[in-house]
Amino acid sequence: KSSVQTIGEEQIQNPYTELLVLKGHQDIVRFLVQIDDYRFASAGDDGIIFLWNAQTGEKLHELHGHTHKITAIAPFSSSDDTEEKTDLIISASADRTVIVWDCTSGRQVQKVSCFHSTVKCLTVLQRLNVWLSGGSDLCVWNRKLDLLCKTSHLTDAGISALVELPKNCVAAAVGKELIIFRLSAPSNGSEGWNVLEVKRLVDHQDNISSLVSVNDLTFVTGSHVGELIIWDALDWTKQASECNFWDSSVHPDVQPEIKLSQSPNETSVQHLTCDDECVFAAVGKGIYVYNLQMKRVIACQRTAHDSSVLHIEKLPNRQMISCSEDGSVRIWELREKQQLPAEPVPTGL
């Protein structure tokens with residue numbers, strides 16, 4: 001059991017209990033990445049990456065190397081069987097560089113600065129042992145940071161999010177569109193790596209803000225106007241669609257508050273993460289748990305931060321971390337709710 005003391009008032013109806021508030025960043029905190037069962041990293045507009053102990057809240061390292069705000073971060077642990085596993089992370093910045101960091105020593109391992117525009121997202125494809133950077137184009141790299149191939153210039157808006165799909169495919173969010181790319185690795189007689197666009201999906205009404213893979217069969221996307229679309233990961237068809245999914249009241253005795261003119265900050269799905277049963281969504285200042293089978297919100301913390309929640313990440317032991325425009329990082333514990341008698345929940349307008 002963690003030695004962290006629970007703070008804040010006991011909330012009978014609310015399964016989220018705030019455990020810790022971590023402060024160190026001097027600006028908006030946009031990204032979180034889990035390193036292992038007890039460590040995670042946070043990064044944002046101050047250009048610094050902090051490594052934390054999730055159990056105690058202790059700051060382990062400050063990583064200085066970028067000169068502008070951080071625009072993407074991802075785990076980058078080595079998967080070579082011949083060498084001892086090394087816990088690494090990779091970060092991109094508005095200074096148009098990408099840096100690989102050693103999480104144990106806090107030192108830079110490698111740096112690339114050949115980008116013509118800012119990298120907005122990073123993802124590592126373990127199956128192919130390569131990593132991708134997304135911005136004005138999609139680039140494929142090996143672990144030595146050699147460029148293998150890239151797409152032609154997509155749009156000025158560029159790729160804002162990436163997620164790995166089965167069959168060597170990835171889904172890329174480009175504005176309102178979801179573009180499916182397929183990667184082909186070199187084989188006998190082929191010239192090298194290639195990345196091909198295979199499909200465009202235009203089901204969202206507004207810019208796509210977050211993508212998450214649930215399993216090899218399903219992935220989920222969220223948009224700035226609060227849409228949540230559940231997709232088949234194999235044939236890329238739409239399985240279900242929700243809009244304003246957080247509006248139905250989680251508490252049977254409380255009527256949902258209906259606002260006719262909500263600001264985009266209150267409705268935007270800023271980030272998604274998931275487990276096998278639920279999608280966890282950062283919407284406005286709150287965190288919402290959406291059950292994929294029941295197709296409804298089953299728990300929430302409506303005011304998790306003082307400003308918009310920008311990133312959430314699952315931790316072991318039913319814990320979660322969140323970061324926000326307010327500059328803080330918070331650790332939460334998801335408690336079992338008291339069993340309440342089932343009552344119909346109003347659906348709103």
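Residues numbered from 1 in each chain as written. Predicted model: local features only at pLDDT ≥ 70, side-chain atom pairs only at ≥ 80, totals over all residues. Heavy atoms only, no water.

Draft legend 1. Geometry of the nonpolar core. Ranked by size, the top nonpolar core spans 19 residues in total, and within it V220, F245 and L272 carry the most contacts. Of all the elements in the fold, those that place two or more residues in this core are β20 (227–232), β22 (269–274), β23 (278–283), β24 (286–291) and β25 (296–301). Excluding residues that lie within four positions of it along the chain, V220 makes contacts with S210, L211, V212, V214, L228, I229, I230, W231, L272, V279 and L292. (Core = buried A, V, L, I, M, F, W, Y, C linked by side-chain atoms within 4.5 Å. Buried < 20%, exposed > 50% of the residue type's maximum accessible area, 1.4 Å probe, protein only. Helix = DSSP H or I, 4+ residues; strand = E, 2+ residues; numbered from the N terminus. Contact = heavy atoms within 4.5 Å.)

Draft legend 2. Broad picture of the side chain of N291. Mapped onto the fold, N291 is located in strand β24. The exposure class of N291 is buried, given its relative accessible area of 8%. From its side chain, N291 meets the backbone nitrogen of M294 in a polar contact 2.8 Å long. Excluding residues within four positions of it along the chain, N291 makes contact with E277, C278, R296 and I298. (Polar contact = N/O pair within 3.5 Å; in protein donor to acceptor, adjacent residues only side chain to side chain.)

Draft legend 3. Inspection of the pattern of salt bridges at higher detail. Counted under the stated rule, the structure contains ten salt bridges. Ionic pairing is found between D87 and R39, a salt bridge with its closest N-O pair at 2.9 Å. With D87 in the loop between β6 (70–75) and β7 (88–93) and R39 in strand β3 (residues 39–44), this residue pair connects regions lying 48 residues apart in the sequence. The class for D87 is buried, based on a relative accessible area of 15%. E62 is paired through a salt bridge with K59; the nearest N and O atoms lie 3.3 Å apart. You can call E62 partly exposed: its relative accessible area is 37%. Judged by its relative accessible area of 34%, K59 is partly exposed. If you follow the salt bridges from partner to partner, you end up with D36, R39 and D87 in one network. (Salt bridge = Lys/Arg side-chain N within 4 Å of Asp/Glu carboxyl O.)

Draft legend 4. Structural context of the environment of V212. Positionally, V212 belongs in strand β18 (residues 208–213). Separated by 51 residues in sequence, V212 and A161 place their C-alpha atoms 9.4 Å apart. The residues touching V212, leaving out its near neighbours within four places in the chain, are V163, F219, V220, L272, T273 and C274.

Draft legend 5. Spotlight on the sheet that holds strand β11 (residues 130–134). Across the sheet, which stays open at both edges, the four strands sit in the order β10-β11-β12-β13 with antiparallel pairing between neighbours. Two strands lie at the open edges of the sheet, namely β10 (121–125) and β13 (147–150), each paired on one side alone. Each strand of the sheet is rotated relative to its neighbour by a mean of 20°, with strand direction disregarded. Of the pairings in the sheet, the one linking β10 to β11 comprises five bridges and is antiparallel in character. Looking at β11, one finds that L125 is bridged to V130. (Pairing = 2+ DSSP bridges. Axes fitted to C-alpha atoms, helices over the stretch in contact; angles between N-to-C directions.)

Draft legend 6. Main features of the packing of aromatic side chains. Applying the stated criterion to the full structure yields five aromatic pairs. For the ring pair F76 and W131, a centre distance of 6.1 Å and an interplane angle of 90° mean the geometry is edge-to-face. Linking F76 in the loop between β6 and β7 with W131 in strand β11, this pair joins segments that are 55 residues apart in sequence. Ring geometry for F115 and W141: centres 5.3 Å apart, planes at 50°, overall tilted. In this pair, F115 is assigned in the loop between β9 (108–112) and β10 and W141 in strand β12 (residues 138–142), connecting sequence segments 26 residues apart. Among the residues examined, F115 registers a relative accessible area of 11% and is labelled buried. Joined through ring pairs, the aromatic side chains of F76, F115, W131 and W141 make up one cluster. The residue whose ring lies beneath R143 is F76, and the NZ or CZ to ring-centre distance is 5.1 Å. (Phe/Tyr/Trp six-rings, centres within 6.5 Å; stacked < 30°, edge-to-face > 60°. Lys NZ or Arg CZ within 6 Å of the ring centre and 35° of its normal.)

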